[in-house]
2 protein chains.
Amino acid sequence: VNFHTIEWKNDSVVMIDQRKLPDQEIYNEYKDYAGVATAIKDMVIRGAPAIGVAAAMGIALGVRQIQNREEFKDQLECICKTIKSTRPTAVNLFWAVDRMKHVYQQHKKSTLEELKELFKEEALKIWQEDIDTNQKIGSFGQDLIGDNATLMTHCNAGALATAGHGTALGVIYSGVQSGKKLKVFVCETRPFLQGARLTAWELTKNNIPVTLITDNMAGYFMRYGAIEAVIVGADRIAANGDVANKIGTYGVAVLANRHKIPFYVAAPTSTIDLQTATGDDIPIEERDVNEVTMIGEKRIAPYGIEVRNPAFDITPAELVTAIITEKGIVKKPFKKNLKQLFSK
Amino acid sequence: VNFHTIEWKNDSVVMIDQRKLPDQEIYNEYKDYAGVATAIKDMVIRGAPAIGVAAAMGIALGVRQIQNREEFKDQLECICKTIKSTRPTAVNLFWAVDRMKHVYQQHKKSTLEELKELFKEEALKIWQEDIDTNQKIGSFGQDLIGDNATLMTHCNAGALATAGHGTALGVIYSGVQSGKKLKVFVCETRPFLQGARLTAWELTKNNIPVTLITDNMAGYFMRYGAIEAVIVGADRIAANGDVANKIGTYGVAVLANRHKIPFYVAAPTSTIDLQTATGDDIPIEERDVNEVTMIGEKRIAPYGIEVRNPAFDITPAELVTAIITEKGIVKKPFKKNLKQLFSK
């Protein structure tokens with residue numbers, strides 16, 4: 001793909017501002033961890049793998065701000081706490097924080113300058129791994145997709161959600177790279193419009209034909225046979241294969257099931273949380289109701305009403321055809337096969 | 001309810017401009033049939049029963065413009081053609097036009113002035129019948145709804161979609177009038193946002209508690225047991241019970257079915273089209289793609305993409321628990337029972 005969602009440049013973190021897309025392609029530069037934390041919370045950057053990379057880079061930035069070796073442990077704890085408080089659902093955030101903390105546990109004898117370098121190296125490693133992981137997911141996943149297929153996706157699990165070329169969209173990019181002609185129906189993904197604003201933008205920028213629909217049109221096009229497979233990303237996958245992903249994913253999965261359309265989830269193993277037994281144990285973030293009642297400067301609903309804004313939902317494992325990871329494609333029974341994946 | 005969607009006043013037709021809600025409550029006055037036709041096409045007025053009433057009143061206005069008795073038949077034909085060309089899916093439009101034409105067939109000997117008066121009377125009769133029909137639908141339907149129930153509705157099948165207090169929302173208003181405490185989850189209904197703009201507005205104006213959600217949250221709240229029944233309107237019901245209604249209705253019905261939540265359709269018998277065998281025979285209007293890509297003045301998607309905008313979808317009869325009409329509640333088998341309804 002022809003842009004970078006997140007990069008480490010001259011000891012600062014550069015991110016494309018996803019709130020401004022598709023109108024403006026603006027890159028923000030962050031020099032401290034607090035700025036990165038706010039960027040995650042405000043969705044300058046979003047998408048589970050990209051949040052993981054941003055968290056790691058944010059901690060590496062934060063560590064550079066530490067003046068004093070004796071304060072390292074306490075200050076690291078404080079930095080990690082701030083980063084972890086940004087968004088509750090995507091497990092990649094917590095996974096990345098744990099990996100960064102592990103650097104300190106393994107190098108307790110190192111000097112302040114050594115630690116700063118080690119943290120930076122680990123963040124860059126996580127970034128590079130995500131790029132490689134995307135490639136592997138794309139390579140495994142594209143075997144599932146026929147030539148001339150029309151796929152449906154929800155939200156954005158593309159380059160904008162990762163450091164590389166994406167998870168769900170990574171499969172599509174890899175398919176196109178291997179010579180397949182693919183078309184993509186993109187659900188706009190209310191309320192934040194990641195589909196309309198981000199997925200439509202990055203696919204178009206990479207010359208892949210897009211058809212934009214509102215979320216509630218998914219069933220219409222499935223019913224008329226337009227869709228051969230659905231492919232989405234994930235924010236957290238429980239041990240039993242239940243998938244937390246952007247609100248609306250569950251509805252698309254139920255419709256795909258009714259129409260016997262394969263429903264694929266593409267995600268790195270860092271999204272799989274064996275500590276969480278089922279989807280019901282995954283915390284679901286509720287975001288500001290203004291995301292629902294306002295579109296830009298325009299208010300679309302009357303005052304004096306209750307509004308709900310859960311950002312994610314749970315798709316039960318039974319509705320998932322396969323989970324595409326960098327270690328291979330996982331099929332049912334998920335509980336057994338996901339566990340096996342980690343013992344490889 | 002405490003406003004009028006459409007009225008005949010001093011030989012003109014007055015409609016609340018539904019494109020301006022909920023920001024502004026503006027009433028437009030139409031003095032000729034062309035204005036009414038444009039108002040239907042541009043969705044100043046919408047909702048199958050309200051479209052039927054507007055069509056009848058539009059024809060009555062048009063007939064008043066005829067100068068010359070000899071030209072009556074030809075001009076009536078021309079007026080009806082214009083009115084019929086506005087929107088293809090809601091059958092109430094064609095039903096109302098046929099009823100108005102029938103006035104002429106029954107009074108071929110009448111003078112121009114007599115005909116003008118007869119057409120006006122018939123339009124007012126259709127208007128009054130719609131008000132009465134709503135009351136009967138409300139009365140039959142509210143028996144299906146328990147006290148303290150939380151219902152879900154999609155789009156607007158309320159006072160704003162009829163001359164009276166609504167079909168789906170009529171059931172809710174009648175339930176509240178009979179002393180029940182009811183709460184309503186309203187799906188915002190992209191792209192035109194009839195749920196967020198219209199249903200949330202009229203329920204709030206009538207002191208019924210509303211919770212607004214985006215369309216893709218319906219499954220989330222059903223999964224957590226928040227919804228006891230779904231109730232929607234219809235634009236056309238085929239002879240076999242398949243229901244054409246606002247895009248997204250099908251998805252809600254599939255989700256309700258999965259969660260064993262009753263799915264009710266409330267509609268006057270003028271919405272039932274025994275001439276149309278199944279839902280697949282109902283023409284589905286595709287509207288301007290700007291409804292999807294623009295929200296107010298704000299463009300939410302990149303340029304250079306394909307966009308689709310079917311305004312309706314088909315919910316197969318098997319997913320419908322019951323159809324609530326002014327002649328009573330119709331259950332399965334719909335083909336037999338709908339036919340029987342018309343022989344009463």
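Everything discussed here concerns the structure shown above.
Calculation criteria
- Residues numbered from 1 in each chain as written.
- Chains lettered and ligands numbered in written order.
- Predicted model: local features only at pLDDT ≥ 70, side-chain atom pairs only at ≥ 80, totals over all residues.
- Heavy atoms only, no water.
- Helix = DSSP H or I, 4+ residues; strand = E, 2+ residues; numbered from the N terminus.
- Rg over C-alpha atoms; globule rule 2.2 N^0.38 Å.
- Buried < 20%, exposed > 50% of the residue type's maximum accessible area, 1.4 Å probe, protein only.
- Areas by Shrake-Rupley, 256 points an atom, 1.4 Å probe, with all protein chains shown as cover.
- Lys, Arg positive; Asp, Glu negative; His and termini not counted.
- Charge placed at Lys NZ, Arg CZ, Asp CG, Glu CD.
- Contact = heavy atoms within 4.5 Å.
- Buried area = accessible area lost by both parts, 1.4 Å probe.
- Salt bridge = Lys/Arg side-chain N within 4 Å of Asp/Glu carboxyl O.
- Polar contact = N/O pair within 3.5 Å; in protein donor to acceptor, adjacent residues only side chain to side chain.
- Nonpolar A, V, L, I, M, F, W, Y, C, P; charged D, E, K, R; others polar.
- Pairing = 2+ DSSP bridges.
- Least-squares fit on C-alpha atoms with pLDDT ≥ 70 in both.
- Axes fitted to C-alpha atoms, helices over the stretch in contact; angles between N-to-C directions.
- Left-handed = near helix turned anticlockwise from the far one by under 90°.
- Core = buried A, V, L, I, M, F, W, Y, C linked by side-chain atoms within 4.5 Å.
- Right-handed = clockwise from strand over helix to strand, strands pointing away.
- Phe/Tyr/Trp six-rings, centres within 6.5 Å; stacked < 30°, edge-to-face > 60°.
- Lys NZ or Arg CZ within 6 Å of the ring centre and 35° of its normal.

Participant: Is there a simple way to explain the overall build of chain A in this structure?
Facilitator: If you tally the helices and strands in chain A, you get 11 helices and 17 strands. On C-alpha atoms alone, chain A measures out to a radius of gyration of 20 Å, which is about the 20 Å that the 2.2 N^0.38 rule sets for 344 residues. For chain A, the spread of C-alpha atoms along the three principal axes comes to 65 × 55 × 40 Å. Taken over 344 residues, chain A has a buried fraction of 65%. Of the roughly 12,600 Å² of accessible surface on chain A, 47% is carried by carbon and sulfur atoms. In chain A, 42 positive and 41 negative side-chain charges are present, and the distance between their average locations comes to 4 Å.

Participant: Where do I start with the interface of chain B and chain A in this structure?
Facilitator: Interfaces are often described in size by the accessible area the parts lose on coming together. Facing 59 residues of chain B, the contacting portion of chain A comprises 59 residues. Buried surface at the junction of chain B and chain A, both sides included, amounts to about 4,700 Å², of which 62% is carbon and sulfur. Sorting the residues of chain B by area buried against chain A places B:Asn216, B:Tyr220 and B:Arg258 first, and these three jointly supply 14% of that buried surface. Scanning the region where chain B abuts chain A turns up 8 salt bridges. The partner of A:Glu318 in a salt bridge is B:Arg258, and the shortest N-O contact between them spans 3.0 Å. Between chain B and chain A we count 25 residue pairs in polar contact (both at pLDDT 80 or more) in total. Here the residues of the side of chain B that touches chain A are counted per class, giving 31 nonpolar, 14 polar and 14 charged. Sheet topology places strand E6 (residues 210-213) of chain A next to strand E14 (residues 306-307) of chain B; 2 bridges connect them, and they run parallel. Among the inter-strand pairings, A:Leu212 is bridged to a residue of E14(B), identified as B:Val307.

Participant: What should I look at first to understand the relation of the copies chain B and chain A in this one?
Facilitator: Superposition of the two copies of the chain requires a rotation about an axis and a shift along the axis. Turning chain B through 180° and shifting it by 0.0 Å along the axis lays it on chain A, with an RMSD of 0.0 Å. A rotation of that kind, with that shift, is consistent with a two-fold axis. Residue by residue, 100% of the interface of chain B is reproduced at the interface of chain A, so both copies engage with the same surface.

Participant: Even after reading the chapter, I still don't get the sheet that holds strand E16 (residues 322-325) of chain B, so can you show me in this structure?
Facilitator: Sheet strands associate in pairs through backbone hydrogen bonding, adopting either a parallel or an antiparallel arrangement. Strand order in the open sheet formed by 8 strands is E14(A)-E6(B)-E5(B)-E4(B)-E7(B)-E10(B)-E16(B)-E17(B), with mixed pairing between adjacent strands. Of all the strands in the sheet, the pair left with one neighbour each is strand E14 (306-307) of chain A together with strand E17 (328-330) of chain B. Both strand E4 (residues 150-154) of chain B and strand E5 (residues 183-187) of chain B contribute to a ladder of 5 bridges, which runs parallel. Among the inter-strand pairings, B:Thr150 is bridged to a residue of E5(B), identified as B:Lys183. Where helix H5 (residues 112-142) of chain B meets the sheet, it contacts strand E10 (263-266), E16 and E17 of chain B, and its direction lies at approximately 140° from that of E16(B).

Participant: How should I be thinking about the packing of helix H2 (residues 48-65) of chain A against helix H3 (residues 72-84) of chain A in this particular structure?
Facilitator: Helices that pack against each other are described as a pair by the angle of their axes relative to one another and the distance between those axes. Residues and elements named next belong to chain A. Packing of H2 against H3 leaves a shortest axis separation of 10 Å and a crossing angle of 145°. When you trace H2 past H3, the crossing you get is right-handed. Residues Ala 55, Gly 58, Ile 59, Gly 62 and Val 63 of H2 touch H3, and the partners they reach there are Phe 72, Leu 76, Ile 79, Cys 80 and Ile 83. Within the contact of H2 with H3, the residues separate by chemical class into 8 nonpolar, 2 polar and no charged.

Participant: Looking at this structure, I do not really get the nonpolar core. What am I missing?
Facilitator: Side chains of nonpolar character tend, in soluble globular proteins, to be buried together. Judged by nonpolar contacts, the single largest core of 134 residues is most densely connected at A:Met152, A:Val230, B:Met152 and B:Val230. Among residues more than four places away in sequence, those in contact with A:Met152 are A:Phe185, A:Cys187, A:Ile213, A:Ala218, A:Met222, A:Ile227, A:Ala229, A:Val230, A:Ile231 and A:Val252.

Participant: Honestly, the pairing of strand E4 (residues 150-154) of chain A in this entry has me stumped. Any pointers?
Facilitator: It is a general feature of regular strands that their side chains alternate between the two faces of the sheet. All names here are of chain A. Counting buried residues in E4 gives 5 out of 5 residues, a clear majority hidden from the surface. The side-chain alternation of E4 yields two buried faces, one formed by Thr 150, Met 152 and His 154 and the other by Leu 151 and Thr 153. Regarding topology, helix H6 (residues 168-177) serves as the crossover connection from E4 to the parallel strand E5 (residues 183-187), and that connection is right-handed. The sheet contact formed by E4 and strand E7 (residues 229-232) spans 2 bridges and is parallel. Looking at the pairing, Leu 151 lines up with Ala 229 of E7.

Participant: What is the right way to look at unusual backbone geometry in this model?
Facilitator: Glycine aside, a negative phi is what most residues show, and trans is what most peptide bonds show. In the segment running from A:Lys332 into A:Pro333, the intervening peptide bond is cis, with an omega of 0°. In this fold, A:Pro333 is placed in the loop between strand E17 (328-330) and helix H11 (334-343). With an omega dihedral of 0°, the bond running from B:Leu21 to B:Pro22 counts as a cis peptide bond. One can find B:Pro22 in the loop between strand E2 (12-16) and strand E3 (27-30). One non-glycine residue, A:Asp11, lies in the positive phi region at around 55°. Here A:Asp11 lies in the loop between strand E1 (6-9) and strand E2 (12-16). On the basis of relative accessible area, A:Asp11 is assigned to the partly exposed category, the value being 31%. A positive phi angle is found at B:Met43, which is not glycine, with a value near 65°.

Participant: Honestly, the environment of A:Val232 in this entry has me stumped. Any pointers?
Facilitator: Residues and elements named next belong to chain A. Tracing the sequence through the fold places Val 232 in strand E7. Distance from Val 232 to Phe 72, taken between C-alpha atoms, is 40 Å for residues 160 residues apart in sequence. Discounting chain neighbours no more than four positions away, the residues touching Val 232 are Thr 153, His 154, Ala 157, Ala 168, Asn 245, Thr 249, Phe 263, Tyr 264, Val 265 and Ala 266.

Participant: Before we go on, may I ask you to explain the packing of aromatic side chains in this structure?
Facilitator: Given two aromatic rings, one states the distance between the centres and the angle between the planes to describe the pair. Residue and element names in this part refer to chain A. Going through the model one piece at a time under the given rule, you end up with 12 aromatic pairs over all chains. Taken together, a centroid distance of 5.0 Å and an interplanar angle of 55° make the contact between Phe 3 and Trp 201 tilted. Here Phe 3, found in the segment before E1, pairs with Trp 201, found in helix H7 (residues 194-205); they are 198 residues apart in sequence, far enough to count as distant. The class for Trp 201 is buried, based on a relative accessible area of 9%. Put simply, the rings of Phe 185, Tyr 220, Phe 221 and Tyr 224 touch in pairs and so form one group of aromatic residues. Between Lys 327 and the ring centre of Phe 342, over which it is positioned, the NZ or CZ distance is 5.5 Å.

Participant: So what exactly am I meant to see when it comes to the pattern of salt bridges here?
Facilitator: Pairs can form between side chains of opposite charge whenever their charged atoms are close. Going through the model one piece at a time under the given rule, you end up with 40 salt bridges over all chains. Residue A:Arg99 pairs with A:Glu129 through a salt bridge whose shortest N-O separation is 2.6 Å. Linking A:Arg99 in helix H4 (residues 91-106) with A:Glu129 in helix H5 (residues 112-142), this pair joins segments that are 30 residues apart in sequence. The salt bridge involving B:Arg19 is made with B:Asp17; its shortest N-O contact spans 2.9 Å. Assessed through its relative accessible area of 38%, B:Arg19 is described here as partly exposed. Given the relative accessible area of 1%, B:Asp17 is considered buried.

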